[in-house]
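One letter stands for each residue in the lines below.
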Amino acid sequence: MPFPDFIQALPGIEVPFPDDVVQISVVRSDDALVAFFSFLKDMELPPHSHGAQWGTVVEGEITLTIGGVTNIYKAGDSYSIPAGIEHGALIKAGTRAIDVFEQADRYPIKR
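Explain the side chain of Asp99 residue by residue, including any values.
Looking at where Asp99 falls in the secondary structure, it is placed in strand β9 (residues 96–101). Among buried Asp, Glu, Lys and Arg side chains, Asp99 stands out as unpaired, with Arg106 the closest opposite charge at 9.6 Å. A polar contact of 3.0 Å, which involves the side chain of Asp99, links it to the side chain of Tyr79. Residues in contact with Asp99, not counting those within four places in the same chain, are Leu33, Val34, Ala35, Phe37, Gln53, Trp54, Gly55 and Tyr79.

Pulling in residues and values, what's your account of the sheet that holds strand β1 (residues 22–28)?
Taking strand neighbours across the sheet as the criterion, the five strands line up as β1-β2-β9-β4-β7 in an open arrangement whose pairing is antiparallel. Sheet topology places β1 and β7 (78–81) at the edges, where each strand pairs with a single neighbour. Adjacent strand axes in the sheet meet at a mean angle of 20 degrees, parallel and antiparallel pairs treated alike. Of the strand pairs in this sheet, strand β2 (residues 33–39) and β9 are connected by six bridges, and their pairing is antiparallel. The residue bridging Phe37 from the neighbouring strand is Ala97, located in β9.

Before we move on, could you go through the sheet that holds strand β5 (residues 61–66) and cite the residues and values that matter?
An order of β3-β8-β5-β6 is seen for the four strands of this open sheet, with the pairing classed as antiparallel. The sheet terminates laterally at β3 (43–48) and β6 (69–74), the two strands that pair on one side only. Ignoring which end each strand starts from, the neighbouring axes of this sheet average 15 degrees apart. Taken together, the six bridges between β5 and β6 define a ladder with antiparallel strand orientation. From the neighbouring strand, Thr63 faces β6, where its bridge partner is Ile72.

Would you mind going over the layout of surface pockets in detail, with residue names and values included?
By volume, the largest pocket is sized at about 320 Å³. Lining the largest pocket are 25 residues, with Phe37, Leu45, His48, Gln53 and Tyr107 positioned closest to its centre. At the level of secondary structure, the elements contributing two or more residues to the lining of the largest pocket comprise β1, β2, β3, β5, β7, β8 (87–91) and β9. In terms of residue count, the dominant contributor to the lining of the largest pocket is β3 (four residues). Of the residues in the lining of the largest pocket, the class split is 19 nonpolar, four polar and two charged. The space that makes up the second largest pocket amounts to roughly 230 Å³. Taken together, 16 residues make up the lining of the second largest pocket; nearest its centre are Gln8, Val22, Gln23, Ile24 and Ser25. Secondary structure elements with two or more residues in the lining of the second largest pocket: α1 (5–8), β1 and β2. Along the lines of polarity and charge, the residues of the lining of the second largest pocket split into eight nonpolar, five polar and three charged.

Criteria and cut-off values
Residues numbered from 1 in each chain as written. Predicted model: local features only at pLDDT ≥ 70, side-chain atom pairs only at ≥ 80, totals over all residues. Heavy atoms only, no water. Helix = DSSP H or I, 4+ residues; strand = E, 2+ residues; numbered from the N terminus. Buried < 20%, exposed > 50% of the residue type's maximum accessible area, 1.4 Å probe, protein only. Lys, Arg positive; Asp, Glu negative; His and termini not counted. Salt bridge = Lys/Arg side-chain N within 4 Å of Asp/Glu carboxyl O. Polar contact = N/O pair within 3.5 Å; in protein donor to acceptor, adjacent residues only side chain to side chain. Contact = heavy atoms within 4.5 Å. Pairing = 2+ DSSP bridges. Axes fitted to C-alpha atoms, helices over the stretch in contact; angles between N-to-C directions. 1 Å grid on protein atoms, 1.4 Å probe; cavity = no way out; pocket = protein on both sides within 12 Å on 5 of 7 lines; lining within 4 Å. Points joined across faces, edges and corners; volume = space filled by probe spheres on them. Nonpolar A, V, L, I, M, F, W, Y, C, P; charged D, E, K, R; others polar.

Pasting the structure below:
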């Protein structure tokens, strides 16, 4: 089931991934960025690091490697990525996830 219309109507963010691969809606505060991800195609997220991140899988499956340890996360599973720890992922088409980034300015808002 897709995210509700009011969530899909939230602003998007500038990311280096095409809109036909992932759709993203966000809520930003002074303290954090909350992103609602809908993956339309399989996607590989290359290893990278940034500030702390917490997420939960709403639907689908993410194979996530955090600090060299790989786990598979499915609907209802949550993950926590400490600041500065390298992580990358393989994300299956149809996956929906909600992620919270401690860096409110992690990504620019699309205008």
